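Here is what each chain is made of, one letter per residue.
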Amino acid sequence: MTNLPSLSEWWMDNKMLTKKRVVDLRSLLPRHPTRKWKKRKKISWLIVHMTASNNQDPYKTNEYHISPGNHISKKGCPRITYHDYITDDGTIYHCNNYFDWIWHCGWINRWSAGITMAFRGQTKDNSGNYITPPAAQWRSLIQHLVRLCLYLNLSPNRIKGHREVRGFWKLLGRGSKKYKTSCPGFGIDLDELRTQVCKRLQIKLASENLYKGKIDGKFFILSKAALKLYHQNLLVALTRK
Ligand SMILES: [Zn+2]
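So, a few notes on the structure that sits alongside this text. (Residues numbered from 1 in each chain as written. Predicted model: local features only at pLDDT ≥ 70, side-chain atom pairs only at ≥ 80, totals over all residues.)

### With respect to unusual backbone geometry
Here comes step 1: A cis amide bond, omega 5°, links cysteine 183 with the succeeding residue proline 184.
Here comes step 2: With respect to the helices, strands and loops of the structure, proline 184 is situated in the loop between β10 (177-179) and α4 (190-207). (Helix = DSSP H or I, 4+ residues; strand = E, 2+ residues; numbered from the N terminus.)

See the structure below:
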């Protein structure tokens, strides 16, 4: 994977992926004056977060993360601690290279990409239910996860909400769990998110004549084989350029 061109280049080339605006902030967001991310090679998980703030500006979130004394690091982080940042209008900001080993979710950082929605999922509505993201933001999240699954050859079951990651919950009796964080918001049904991503992946793979099974949101052997083939073709196409 180290030899792959950047995902941003791939976005520009792939018609399916240009429907939603992706803004590349990697060379624009200020960095911590001295600290740098370590690099890693393998990404096995996609972790979904919320910012839990009203702020819709990746620059402001970045400013907070690189400043000393924030909740993540006393000295300040090298940069914003998400790879991608999705605002409520559905715009996707690409903030760090996927090879950057950023600090978004404890032990799984080394093996995962962190995607956040600028969203206050800890909020309840008037009926006492946790809120859900605006439609544009939710659609962008799904589309983006589809992209990343294609690019990285990851099954949708490799998508986890922050709260689902081991270490961020503990088992109570009778199979129920106590979560240490609500991230990305209890209003978000993460199984539904995986199903939606899976269906769109199946549609995409079927449109490329790689998948002949049902569009059922279940990622089993036929879907996996089709994704693997898509990814192999992608590698060939990208390295040929
Ligand atoms: Zn989180």
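### Remarks on the packing of helix α3 (residues 135-152) against α4
A pair of packed helices can be characterised by two numbers: the angle between their axes and the separation between those axes.
Here comes step 1: At their nearest, the axes of α3 and α4 sit 9 Å apart, and the two run at 60° to each other. In this view, α3 runs oblique relative to α4, as classed from their interaxial angle. Like other packed secondary-structure pairs, α3 and α4 cross with a definite hand, here right-handed. Across from Ile142, Leu145, Val146 and Cys149 in α3, the residues of α4 making contact are Gln196, Val197, Arg200, Leu201 and Lys204.
Here comes step 2: Of the residues that constitute the contact of α3 with α4, the class distribution is six nonpolar, one polar and two charged. (Axes fitted to C-alpha atoms, helices over the stretch in contact; angles between N-to-C directions. Parallel < 35°, antiparallel > 145°, perpendicular 65-115°, else oblique. Left-handed = near helix turned anticlockwise from the far one by under 90°. Contact = placed C-beta atoms within 7 Å. Nonpolar A, V, L, I, M, F, W, Y, C, P; charged D, E, K, R; others polar.)

### Concerning the nonpolar core
Here comes step 1: Formed by 43 residues in total, the largest nonpolar core has its most connected members in Leu46, Leu145, Leu148, Cys149, Val197 and Leu201.
Here comes step 2: Considering every element that reaches this core, the biggest residue donor is α3, with eight residues.
Here comes step 3: Not counting the four nearest positions on each side in its chain, leucine 148 is found in contact with Leu46, Ala113 and Leu154. (Core = buried A, V, L, I, M, F, W, Y, C linked by C-beta atoms within 7 Å. Buried ≥ 20, exposed ≤ 12 C-beta atoms within 10 Å, placed from the backbone.)

### Some details on α4
Here comes step 1: Taking 1.5 Å of rise per residue, the 18 residues of α4 would be expected to cover 26 Å, and the 26 Å separating its terminal C-alpha atoms lies within 8% of that figure.
Here comes step 2: When α4 is considered as a whole, its buried residues turn out to be Leu193, Arg194, Gln196, Val197, Cys198, Arg200, Leu201, Gln202, Lys204 and Leu205. (Expected span 1.5 Å × (residues − 1).)

### Considering the environment of leucine 150
Here comes step 1: As for its placement among the helices and strands, leucine 150 is situated in helix α3.
Here comes step 2: As a C-alpha pair, leucine 150 and isoleucine 66 span 84 residues in sequence and 31 Å in three-dimensional space.

### Looking at the sheet that holds strand β8 (residues 159-161)
Here comes step 1: Taken together, the six strands give an open sheet; going across it, the order is β1-β5-β4-β7-β3-β8, and neighbouring strands pair in mixed fashion. Each having just a single partner strand, β1 (22-24) and β8 make up the two edges of the open sheet. Strand-to-strand twist of the sheet, defined as the mean angle between neighbouring strand axes without regard to direction, takes the value 25°.
Here comes step 2: With three bridges joining them, strand β3 (residues 45-50) and β8 adopt parallel strand pairing. Note that in β8 the partner of leucine 46 across the bridge is isoleucine 159. (Pairing = 2+ DSSP bridges.)

### Thoughts on helix α2 (residues 58-66)
Here comes step 1: The complete set of buried residues in α2 reads Pro58, Thr61, Asn62, His65 and Ile66. Take α2 and look down its axis: the buried residues cluster within an arc of 125°, on one side only.
Here comes step 2: Those residues of α2 that are buried lie in contact with β4 (84-86) and β5 (92-94). (Arc of directions from axis to C-beta.)

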